[in-house]
Amino acid sequence: MRTNRWTLLLWVLLLLIGLVVDASSDYRTKMSNFLPHSAPLAQRVLERQVNGGAASHLLLLSIHGAPTPVLATLSQDLAQTLRKNHHFVDVMNGDTQSTAPLQQFVWKNRYLLSPNVTPSQFTVAALHSALQHDVGLLATNLGPVLSQSLPADPTNAVMGVMTNLRVPGTGPAVQHGVWTSANGDAAILLVHTNASGFDLDAQQRDIHFIQTNFDKIRSKTVGAQSTEIGLTGPGVFGVQTRDIIEHDVTLLSTLAILGVVLLLLYAYRSPRMLLLGLLPIISGAIIAIAVVSLHFGFVLGITLGFGITLIGEALDYATYLFTQTSRREDANDTLKRIWPTLRLGALTSIVGFSAMLASNFAGFAQLGLFSIVGLVTSVLVTRYVLPPLVPHQFYAVGAGNIARPMGWLIRHRRPARVVFLLAVAAAVSILLMHRGPTWDKNLMNLSPIPPTAQALNVKLSKELGIPNEQYFAVFSTDSAQQALQESEHLGSLMKRLKTRGQISAFDLPSNVLPSNATQKARQSALPTTTVLQSRLHQALVGLPFRSGVFAPFLKDVAAARAAPLLTPADLPPALALRFDSMLLRYESHWVVIAPLMGVSTPALVKQTLSAHKIDLVDLQQQSNVLLATFQHEAVMLAVVGSTAILILLWIGLRSIRRTIKVAVPLAMAVVLTAAVMTFDDAPLNIFIVMGFVLTVATGSNYCLFFERAVPGDPLWERAIPAIVLANLCTVGAYGLMGFSDIPVLHDIGMTVALGTFLSLIGGAVMSLPRASVQA
């Protein structure tokens, strides 16, 4: 009794510690955490840009459902409302207020930004040539516009800046003073939020603010009652993903618990035993979350969703104990009798999950660790905590009724075996005749983001004229200034590639902000006021300009000579966003990510860049490599996990023949499941393959019980309800996962639910000894 008391105290203490750790854990919902730990630098940097970099701050808005003038009014009113909220850094919709900060910055700093500012530009001959060109332009349609800027910028330095800043692409259409789609059926806005894409609470707040204020503006605008707003972008994707995960995990966990509770309540006919049966699950979940959090530093939402499986798997152990306890045998005696089989079954499941620990993907590794810790905790709670708590002479009254269909199957297992073998033969034929692709090659199919949201993002990006960038030149340096200087050198190389027709356009961070060295060189190229005034006087000879008209020019050049050098903090929001997307600090390095457009000869471009120690990153290729890595690792984990289970069974059973009797129905169950999951030429994916591993790990428990059967023994016959009840709990829990919209939960759930059920059937008709069993 004293031993039991200390065991219970230790168990309660561990649970309390686990709850404290769980409450302070960092829970994340980004699917990007499934990226491999050893992903190449370029891949990790690009992923970081999407999830926490400059691009993650963007929201794309589309207002549709009314004539273009009404949409323009809504766009203007919404933009003005958002600009008053400090949570939004910038709101661009194509109106004058959208472009004013950029124009003011370029005009004020044109002599530090323009690549045309060189000593030769300010000679007498160069000034005279520029002024002659201005005279010609004044006589054209550009005259009224030029006359406003000419006194301060006769060398047209601002045009050099704008040429350097011009982003390839057509840009959005402009109607009624705002950005619209090409046919005017939607008004488009680009919102730059203070919060990054991974700050999901802030993103949700901003999205709610936009939607709420749009509703208010719509209600006050004539003809706008039928309009709607669509939002997309990394922040929207993150919030949607979190909502989907939270919804599915909450709903499916609730349904799973409810279903299990009703099933066990029917079997046990005792609320007390029902609560005792849930102790291993609760304990396993609490300790597993704590261990995962302590080991990884965070817990993925997907990992919590996978905890649903523990409801079925962990319940097996308590179910085996409770349903085999009789009025003539207390729980301690029952546990001693079934412990060897229970222990081996638990070890096979743990070994199967342990293959996931070797995964290079944080997501898979977390799923493996969570499941292992949960199952170990559950089986230990069943072994040491539950027996003293089970009432004397408890008997699971309703368990026998649940097992009646299995009893019928066992009595007719010979014809059932024939049917099962025919089904396996048909499954093999289906697999051999599979004509579709073996693997799903679309990485986005692994994402929980709804296809409609993905389509809206593509549509709005196209309407805004944002290039579909596939290729990037990537290199790293030790400092930001070194990165900008090398970016400037890269610019010359890019121009040569463009001249050869190997690329059509490119962008660089030094196009937005020159290095300090370049800015100083441009300041040095600017003449003093006295020298410039003298040269300008000579250059004006023979030209129709009044004396003193260029005083603003002299003043601005003098100001530029003495101006402080520009830094990233000086950039207006639009340029800061662009600059930050191309130059970022990653760990101890500064990394330049330069987009290349219209790459016609990737191999030659890569060869040229490699000669300068610059990587050419192909996003499509990176996606394919990532998916191939996923697939290869899933297959390897499946092979290693299944092999480890077979070795463990061989060690535990000490017989190759007995091991084969357990392995054959498992293999058949996997073949049948694979045929169903790939029916109608459907492809496999990594989650289905991992489901096969879990099928083997879990299904081996049922086949093991049948292989160890002693036909006619009343004690073993009491084990049949235990096996059936445990299987129903597992199938129910995994089956509910199959209704999830999250691919990892859906595919693993469907695969394991079907596979474990077929393992039960296969074990009953293939593994049982030939002697009859009266059930």
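Conventions we followed
Position numbers for residues count from 1 along each chain, tracking the sequence in the order it is written. The predicted nature of this model means local features are confined to residues of pLDDT at least 70 and side-chain atom pairs, given and counted, to a pLDDT of 80 or more, with totals for whole chains, interfaces and linings taken over all residues. Values shown for side chains rest on all heavy atoms present in the structure; no hydrogens or waters enter the calculation. In this description a helix means any DSSP run of H or I spanning at least four residues, a strand means any run of E spanning at least two, and both kinds are numbered starting from the N terminus. It only takes one pair of heavy atoms within 4.5 Å for two residues to be counted as in contact. For the accessible areas, the method is Shrake-Rupley and the probe is 1.4 Å, while residue cover comes only from the protein chains on display. Neither His nor the chain ends contribute to the count of charged residues, in which Lys and Arg are positive and Asp and Glu negative. All charge positions are set by atom: Lys at NZ, Arg at CZ, Asp at CG, Glu at CD. As defined here, a cavity is a set of points on a 1 Å grid over the protein atoms alone where a 1.4 Å probe fits but cannot get out. A pocket is an open set with protein on both sides within 12 Å along at least five of seven lines, and residues line them when an atom is within 4 Å of a point. Grid points are joined across faces, edges and corners, and a volume is the space filled by probe spheres set on the points. What we call a nonpolar core is a set of buried Ala, Val, Leu, Ile, Met, Phe, Trp, Tyr and Cys residues that are connected through their side-chain atoms within 4.5 Å. The classification of residues rests on relative accessible area computed with a 1.4 Å probe and restricted to protein chains. Under 20% of the type maximum is buried, over 50% is exposed, and intermediate values are partly exposed. Working definition: the arc comes from the directions between the helix axis and the C-beta atoms, pointing outward to the latter. The criterion for an aromatic pair is that two Phe, Tyr or Trp rings (for Trp, the six-membered ring) have centres within 6.5 Å, with stacked assigned to planes under 30 degrees apart, edge-to-face to planes over 60 apart and tilted to the rest. The pairing criterion is simple: DSSP has to find at least two bridges between the two strands. Angular values range over 0 to 180 degrees, each being the angle between N-to-C directions of two axes fitted as lines to C-alpha atoms, with helices fitted over their stretch in contact. Should an angle fall under 35 degrees it is called roughly parallel, over 145 degrees roughly antiparallel, and 65 to 115 degrees roughly perpendicular, with every other angle called oblique. A crossing counts as left-handed when the near helix is turned anticlockwise from the far one by less than a right angle, and as right-handed when that turn is clockwise. For this classification, the nonpolar set comprises Ala, Val, Leu, Ile, Met, Phe, Trp, Tyr, Cys and Pro, the charged set comprises Asp, Glu, Lys and Arg, and every other residue, Gly included, is treated as polar. Each patch is built from residues that are more than 30% exposed by relative accessible area and take part in no salt bridge. Like charges join if they lie within 9 Å; nonpolar side chains (Val, Leu, Ile, Met, Phe, Trp, Tyr) join within 5 Å. Salt bridge, as applied in this entry: a Lys or Arg side-chain nitrogen positioned within 4 Å of an Asp or Glu carboxyl oxygen. A residue's pLDDT is the confidence the predictor assigns to it, expressed on a 0 to 100 scale. In protein, a polar contact requires one atom able to donate a hydrogen and another able to accept it; more generally it is a pair of N or O atoms within 3.5 Å, and residues adjacent in sequence count only if both atoms are side-chain atoms.

K.L.:
So, the overall build of the chain: which residues are in play, and what are the values?
P.N.:
Helix and strand content of the chain: 33 helices and 13 strands. Across its three principal axes, the chain shows a C-alpha extent of roughly 120 × 60 × 55 Å. The contacts of the chain with a sequence gap of at least 6 include a subset with a gap of at least 24, amounting to 82%. Accessible area for the chain stands at about 34000 Å²; split by element, carbon and sulfur atoms hold 62% of it. Measuring between centres, the 54 positive side-chain charges of the chain sit 7 Å from its 43 negative side-chain charges.

K.L.:
Run through the environment of Leu649, naming residues and quoting values.
P.N.:
Tracing the chain through its elements places Leu649 in helix α28 (residues 619-653). Counting along the chain gives 130 residues from Leu649 to Gln519, while the straight-line C-alpha distance between them is 72 Å. Setting aside its immediate chain neighbours within four residues, Leu649 contacts Leu344, Thr348, Arg654, Thr659, Val662 and Leu704.

K.L.:
Please set out the layout of surface pockets residue by residue, giving values where relevant.
P.N.:
By volume, the second largest pocket amounts to about 570 Å³. Residue lining of the second largest pocket: 23 residues in total, with Pro115, Asn164, Lys495, Phe506 and Asn511 positioned closest to the centre. Every element with two or more residues in the lining of the second largest pocket is listed here: α8 (157-165), α21 (480-499), β10 (505-506), α22 (509-512) and α23 (516-525). With six residues, the single largest contributor to the lining of the second largest pocket is α21.

K.L.:
Before we move on, can you summarise the side chain of Thr68 with the specific residues and values?
P.N.:
With respect to the secondary-structure elements, Thr68 resides in helix α3 (residues 68-83). Aside from chain neighbours lying at most four places away, what touches Thr68 is Gln175, His176, Thr180 and Gly184.

K.L.:
Give a description of the nonpolar core that names residues and reports values.
P.N.:
Tyr268, Phe322 and Met406 are the most contacted members of the largest nonpolar core, which totals 121 residues. Those residues within four positions of Phe322 in sequence are excluded, and the remaining contacts are Tyr268, Met273, Leu276, Gly277, Leu386, Val390, Phe394 and Ala396. Counting 36 residues, the second-largest nonpolar core is a separate cluster that includes Phe475, Ala576, Met582 and Leu596.

K.L.:
If you had to explain helix α24 (residues 529-539) to someone new, which residues and values would you point to?
P.N.:
Listed as buried for α24 are Leu532, Leu536 and Ala539. Seen along its axis, α24 keeps its buried residues to an arc of 60°; they face one direction. Structural note: α24 exposes Thr530 and His537 on the side pointing more than 90 degrees away from its buried face. Each element contacted by the buried residues of α24 is listed here: α6 (124-138) and α25 (551-562).

K.L.:
I'd like a description of the environment of Gly238, backed by residues and values.
P.N.:
Its location among the elements puts Gly238 in helix α10 (residues 234-268). Here Gly238 falls in the buried class, since its relative accessible area comes to 16%. Spatially, the C-alpha atoms of Gly238 and Asp199 are 8.7 Å apart, while their sequence positions differ by 39 residues.

K.L.:
Residue-level account of the packing of aromatic side chains, with values.
P.N.:
Evaluated as defined, the whole model comprises eight aromatic pairs. Aromatic side chains Tyr320 and Phe705 sit 4.7 Å apart centroid to centroid with 40° between the ring planes, which places their arrangement in the tilted category. Separated by 385 residues along the polypeptide, Tyr320 in helix α14 (residues 315-324) and Phe705 in helix α30 (residues 686-707) bring together distant segments of the chain. Relative accessible area serves as the criterion here: at 1%, Tyr320 is assigned to the buried category. Seen in terms of ring centroids, Phe322 and Phe394 are 6.3 Å apart; in terms of plane orientation they differ by 75°. Their pairing is edge-to-face. Linking Phe322 in helix α14 with Phe394 in the loop between α16 (362-385) and α17 (399-402), this pair joins segments that are 72 residues apart in sequence. Residue Phe394 is classed as buried on the basis of its relative accessible area of 8%.

K.L.:
An account of unusual backbone geometry is requested, with residue identities and associated values reported.
P.N.:
Located in the positive-phi region is His176, a residue other than glycine, with phi close to 55°. On the secondary structure map, His176 appears in the loop between β4 (173-175) and β5 (178-180). Relative accessible area serves as the criterion here: at 53%, His176 is assigned to the exposed category.

K.L.:
Explain the pairing of strand β11 (residues 583-586) to me, using residue names and the numbers behind them.
P.N.:
In this sheet, strand β12 (residues 589-597) lies alongside β11 in antiparallel orientation, the contact comprising four bridges. By the bridge assignment, Leu584 is partnered in β12 with Val591.

K.L.:
Give me the lowdown on the packing of helix α19 (residues 413-432) against helix α29 (residues 656-677), citing residues and values where you can.
P.N.:
Their axes nearest at 9 Å, the elements α19 and α29 cross at an angle of 50°. The angle between α19 and α29 places the two elements in the oblique class. For the pair α19 and α29, the sense of crossing is left-handed. The segment α19 lies against α29, with Phe420, Leu421, Ala423, Val424, Ala427, Val428, Ile430 and Leu431 engaging Met668, Val671, Leu672, Ala674 and Ala675. Residue classes in the contact of α19 with α29 are distributed as 13 nonpolar, no polar and no charged.

K.L.:
Tell me what's going on with helix α27 (residues 602-610), and back it up with residues and numbers.
P.N.:
For α27, the full list of buried residues reads Val605, Thr608 and Leu609. Projected down its long axis, α27 carries its buried residues within an arc of 95°, all on one side. In α27, the exposed positions angled more than 90 degrees off the buried face are occupied by Ala603 and Gln607. Turning to α27, the residues buried within the fold contact β9 (471-477), α21, β12 and β13 (615-618).

K.L.:
So, a nonpolar patch on the surface: which residues are in play, and what are the values?
P.N.:
On the surface, Ile647, Trp650, Ile651, Ile656, Ile660 and Val664 cluster together into a nonpolar patch covering about 580 Å² of accessible area. The set of elements that each furnish at least two residues to the nonpolar patch consists of α28 and α29. Examined against the element boundaries, Trp650 turns out to sit in helix α28.

K.L.:
Lay out the confidence of the model for the chain in plain terms, naming residues and giving numbers.
P.N.:
The predicted model of the chain averages 85 in pLDDT, with 91% of residues at 70 or higher. Mean pLDDT per element in the chain: helix α2 (residues 41-52) is the minimum at 55, and α23 is the maximum at 96. Confidence over residues 771-775 falls short of pLDDT 50; this stretch has 15 contacts with residues more than four positions distant or in other chains.

K.L.:
How would you sum up the packing of α19 against helix α33 (residues 743-767)? Please name residues and give values.
P.N.:
The contact between α19 and α33 brings their axes to 9 Å, and the two run at 130°. Regarding the angle of α19 to α33, the classification is oblique. For the crossing formed where α19 meets α33, the hand is left-handed. Here α19 contributes Arg413, Ala416, Arg417, Phe420 and Leu421 to the contact with α33, which in turn contributes Leu758, Ile761, Gly762, Ala764, Val765 and Met766. When its residues are assigned to classes, the contact of α19 with α33 shows eight nonpolar, one polar and two charged.

K.L.:
Which residues make up the side chain of Thr227, and what are the values?
P.N.:
By the secondary structure assignment, Thr227 is in the loop between α9 (200-220) and β7 (228-232). The exposure class of Thr227 is buried, given its relative accessible area of 1%. Of note is the side chain of Thr227, whose polar atom sits 2.6 Å from the backbone oxygen of Ala224. In contact with Thr227, other than residues within four places in its own chain, are His64, Gly65, Ala66, Leu71, Leu74, Phe214 and Arg218.

K.L.:
Please provide a residue-by-residue account of the pattern of salt bridges, values included.
P.N.:
With the rule as written, the count across this model stands at six salt bridges. A salt bridge links Arg83 to Asp95, with the shortest nitrogen-to-oxygen separation between them at 3.0 Å. You can see Arg83 sitting in helix α3 and its partner Asp95 sitting in the loop between β3 (88-92) and α4 (96-108), a full twelve residues away along the chain. Of the two residues, Arg83 and Asp95, both sit in the buried class. Ionic pairing is found between Arg205 and Asp206, a salt bridge with its closest N-O pair at 3.1 Å. Among the ionic contacts, a cluster of salt bridges with common partners joins Arg110, Asp153 and Asp556.

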